Amino acid sequence: EAQLSLTLVVWLCRDEKNQSIIVSGESGAGKTVSAKYAMRFFATVGGSASETNIEAKVLASNPIMEAIGNAKTTRNDNSSRFGKYIQIGFDKRYHIIGANMRTYLLEKSRVVFQAEDERNYHIFYQLCASSSLPEFKDLGLTRAEDFFYTSQGGDTSIDGVDDADDFEKTRHAFTLLGVKESHQMTIFRIIAAILHLGNLEIEGERDGEACSVSSEDEHLSSFCSLLGVEQSQMQHWLCHRKLVTTAETYVKNMSLPQVVNARNALAKHIYAQLFSWIVQHINRSLHSTVRQHSFIGVLDIYGFETFEVNSFEQFCINYANEKLQQQFNSHVFKLEQEEYMKEGIPWTLIDFYDNQPCIDLIEAKLGILDLLDEECKVPKGTDQNWAQKLYDRHATTQHFQKPRMSNTSFIILHFADKVEYQSEGFLEKNRDTVYEEQINILKASKYQMVADLFQEEDAVPTAATRKGMPRINIRSAMPPFKAANKEHRKTVGHQFRNSLQLLMETLNATTPHYVRCIKPNDEKLPFK
């Protein structure tokens, strides 16, 4: 143990710089487990000098983040559907004093849609598996198979996983991190409410040009009751929207597809706000008032992935992996070889693949993200028009191709593989629009924590003026929610590009160390 502690001291003294461990590899290769092992090592050898139990709290963040941010995919039974960078802080004697977590781009679409053989986030199944417990009788939950948002992928179980047992671990971790029992129950009420929202029966009227939800709908009643909101108001604004012109304000019926999209957007937004609240609370629990001398950062971010259907989420994930691959190339090949040349070591220079052209295709001026944002500003912009602009602009670009048999898809030649993306849904996911009228109803919830989730940052009451959970700044890498219909809201792509830039600046200011995970087979089997 003394030798391990010495290793830690040597590490943190190296170049008098903070350190980062960057865990990389394709989806399902073992990044999350490797990151957990690294965190466990530092928690063990850098045990705190006080009785704060900070090491146990750092490790307790893992089951919580896996429950709310991981899901079964066709490539991985415990796939991280968000990225995280955890900084573990040390004092001058190299004891752990605290930690801080930044998160990147939660895959919100999974809340409302799962492909065949995939699941929603683990927490939904954990709660359904525990719904018979007496404290959960008011949630109105049954089996996961009974809810639309948890059954689209087919089989709702995972071989070798006991969801009820995992739920106990999740609850224990919440308790260890100081989340009060009342707040835990509110978290579970919100998760149950999302499932009821997905089961609303929306009835089309006037050939689908208008819609309604029955006031007798038991899922509407459960949704409103669990969130403490006015049922008649929610019933109305689920099917109508307010339009404001220079001359007047009027209410418009929404068509069946519009209502379904708005309902799904609301479910995704509620979950994303809850996710951010939990990350905030974990960071508050891990925060230390002791002056930090140095830190070790552990990056566990989604791996490169390609599926039968690749959408906006895969595009962002693979863009992040391009940036990380460039950082890897820069440190391992470019800077290392420059060091050899300086020291006069006989060396034959190794050529390495430079993926800057691919990154430029995505993020440079009039690149894919720029053209996407531009199309989002067009009043009647469509995914197909955006795809056409990509063909016109990038037909001769080295890393871009148009598929022969499609006018709505495009291909990017990534460092790891060639991936075909379907443009359908890119504009909607990039705009990430939620109707303000629905949010205003949630802001008026009789439950303080629910209301606080949806307050704007500049209109936040202090803990002294309101009872319950004080509002705290979201320290995730995604900016908090602003009013839904304001044009100055930045798009998801824009936010993601900025958060990636901040991540790269942090990594480049540290001494990086790399763990590359290799996936041995596509059957999710060990020892093969």
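Everything below is about the structure shown above.
What comes next is a walk through the structure. (Residues numbered from 1 in each chain as written. Predicted model: local features only at pLDDT ≥ 70, side-chain atom pairs only at ≥ 80, totals over all residues. Heavy atoms only, no water.)

**Quick notes on the overall build of the chain**
- Tallying secondary structure elements over the chain gives 18 helices and 14 strands in all.
- Within the span of the chain, comprising 528 residues, buried residues form 54% of the whole.
- Taking the intrachain contacts of the chain between residues at least 6 apart in sequence as the baseline, contacts between residues at least 24 apart amount to 70%.
- Element-wise, carbon and sulfur atoms account for 50% of the exposed surface of the chain, whose accessible area totals about 24500 Å². (Helix = DSSP H or I, 4+ residues; strand = E, 2+ residues; numbered from the N terminus. Buried < 20%, exposed > 50% of the residue type's maximum accessible area, 1.4 Å probe, protein only. Contact = heavy atoms within 4.5 Å. Areas by Shrake-Rupley, 256 points an atom, 1.4 Å probe, with all protein chains shown as cover.)

**What to know about the side chain of Asn321**
- When you line up the elements, Asn321 lands in helix α11 (residues 312-342).
- Setting aside anything within four residues of it in sequence, one finds Asn321 in contact with Tyr302, Gly303, Phe304 and Phe415.

**A closer look at the sheet that holds strand β12 (residues 409-413)**
- In space, the three strands of this open sheet follow the order β11-β12-β13, with antiparallel pairing throughout. Strands with a single pairing partner mark the edges of an open sheet, and in this sheet they are β11 (400-401) and β13 (418-422).
- Bridge analysis of β11 against β12 gives two bridges, and the strand direction is antiparallel. Opposite Phe400, over in β12, you have Ile412 as the bridge partner.
- Across the face of the sheet, helix α14 (residues 383-394) comes into contact with β11 and β12 while running at roughly 45° to β12. (Pairing = 2+ DSSP bridges. Axes fitted to C-alpha atoms, helices over the stretch in contact; angles between N-to-C directions.)

**Quick notes on the packing of aromatic side chains**
- Tallying each qualifying case throughout the model produces 21 aromatic pairs.
- Measuring from centroid to centroid gives 5.9 Å for Phe304 and Phe415, while their planes differ by 65°, and the two rings are edge-to-face. Here Phe415 lies in the loop between β12 and β13 and Phe304 lies in the loop between β10 (294-300) and α11, a separation of 111 residues in the sequence.
- A relative accessible area of 8% means that Phe304 is categorised as buried.
- The exposure class of Phe415 is partly exposed, given its relative accessible area of 25%.
- What links up through ring pairs into an aromatic cluster is the set Phe312, Phe315, Trp386, Phe400, Phe410, Tyr421 and Phe426.
- Just above the ring of Tyr125 sits the side chain of Arg119; from NZ or CZ to the centre is 4.0 Å.
- Taking the ring centre of Phe328 as reference, the NZ or CZ of Arg516 above it sits at 5.0 Å. (Phe/Tyr/Trp six-rings, centres within 6.5 Å; stacked < 30°, edge-to-face > 60°. Lys NZ or Arg CZ within 6 Å of the ring centre and 35° of its normal.)

**Quick notes on a negative patch on the surface**
- Residues Glu116, Asp117, Glu145, Asp155, Asp159 and Glu308 make up a contiguous surface patch of negative charge.
- Summarising the element assignment, Asp117 is placed in the loop between β5 (96-104) and α4 (122-129). (Patch = residues over 30% accessible without salt bridge, like charges linked within 9 Å, V, L, I, M, F, W, Y side chains within 5 Å. Salt bridge = Lys/Arg side-chain N within 4 Å of Asp/Glu carboxyl O. Lys, Arg positive; Asp, Glu negative; His and termini not counted. Charge placed at Lys NZ, Arg CZ, Asp CG, Glu CD.)

**Section: the pairing of β5**
- Within β5, eight of the nine residues are buried, which leaves the element mostly enclosed by the surrounding structure.
- Where strand β4 (residues 83-90) and β5 come together, eight bridges link them in antiparallel fashion. Of the residues in β5, the one forming a bridge with Tyr85 is Arg102.
- What sits between the antiparallel neighbours β4 and β5 is a turn of five residues, in which Tyr94 has the positive phi angle 65°.

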